[in-house]
Amino acid sequence: QATKDNDEEAKGRLDELCRERDRFETEVFVSRSKREPQNAAIRYQLGLRFRQAGKIREAMQTFSEALHDPRQKPLVAMEMGRTHEDLREFPEALQRYRLAAESAIHPEQLEARKQALYLAAGLARRIKMQQLAKRYLTELVGLDPGYKEAAAWLKELSR
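Residues numbered from 1 in each chain as written. Predicted model: local features only at pLDDT ≥ 70, side-chain atom pairs only at ≥ 80, totals over all residues. Heavy atoms only, no water.

Caption draft 1: Examining the packing of helix H5 (residues 73-86) against helix H6 (residues 90-103) more closely. Following both chains from N to C, one finds H5 and H6 inclined at 165°, their axes separated by 8 Å at the closest point. Between H5 and H6, the angle is such that the two are roughly antiparallel. Crossing hand, H5 versus H6: left-handed. Contacts from Lys73, Pro74, Ala77, Met78, Met80, Gly81, Arg82, His84 and Glu85 of H5 reach H6 at Phe90, Glu92, Ala93, Arg96, Tyr97, Leu99, Ala100 and Ser103. Grouping the constituent residues of the contact of H5 with H6 by class yields 9 nonpolar, 3 polar and 5 charged. (Axes fitted to C-alpha atoms, helices over the stretch in contact; angles between N-to-C directions. Helix = DSSP H or I, 4+ residues; strand = E, 2+ residues; numbered from the N terminus. Parallel < 35°, antiparallel > 145°, perpendicular 65-115°, else oblique. Left-handed = near helix turned anticlockwise from the far one by under 90°. Contact = heavy atoms within 4.5 Å. Nonpolar A, V, L, I, M, F, W, Y, C, P; charged D, E, K, R; others polar.)

This is the structure we're talking about:
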């Protein structure tokens, strides 16, 4: 409604409410992670909240603690890759995307695998590592020929 009415006061209040919600969610996950320090799913969620709040060091530490769980590993590694990419640490980002793709071995992790390959290919294209991008895209298109613009990217790189 604030955006629709172009009401600056309402937009400011909405931003304040969103920050308050984010702080509350972070507190909830901090509390849960203290009660269940070995629960990787909770650690992953806490890492997401830290990352969203701009607490990068805390996010990376929390993600690292969640990497031990094979069920969480693909998602955790992918978020670590995104964080490294945001920090312009491209080799580390590519390593984490690859780890995410390789660790997505269960059928319910197929979407995470495809997303990790897509992110790795996109980054490789942006940093002019065309052969690496081609390799990731070939693997992705083999899994899902219709995944986003992967086939078009692969065709463009194959010229």
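Caption draft 2: Expanded view of helix H3 (residues 40-52). In this model, H3 (13 residues) spans 18 Å end to end at C-alpha, consistent with the 18 Å of a helix rising 1.5 Å per residue. Where the residues of H3 are buried, they touch helix H2 (8-35), helix H4 (56-66) and H5. For H3, the N-terminal capping position is held by Asn39, with its side-chain oxygen 3.1 Å away from the main-chain nitrogen of Ala41. Gly54, located one to two residues past H3, shows a positive phi value of around 85°. (Expected span 1.5 Å × (residues − 1). Polar contact = N/O pair within 3.5 Å; in protein donor to acceptor, adjacent residues only side chain to side chain.)

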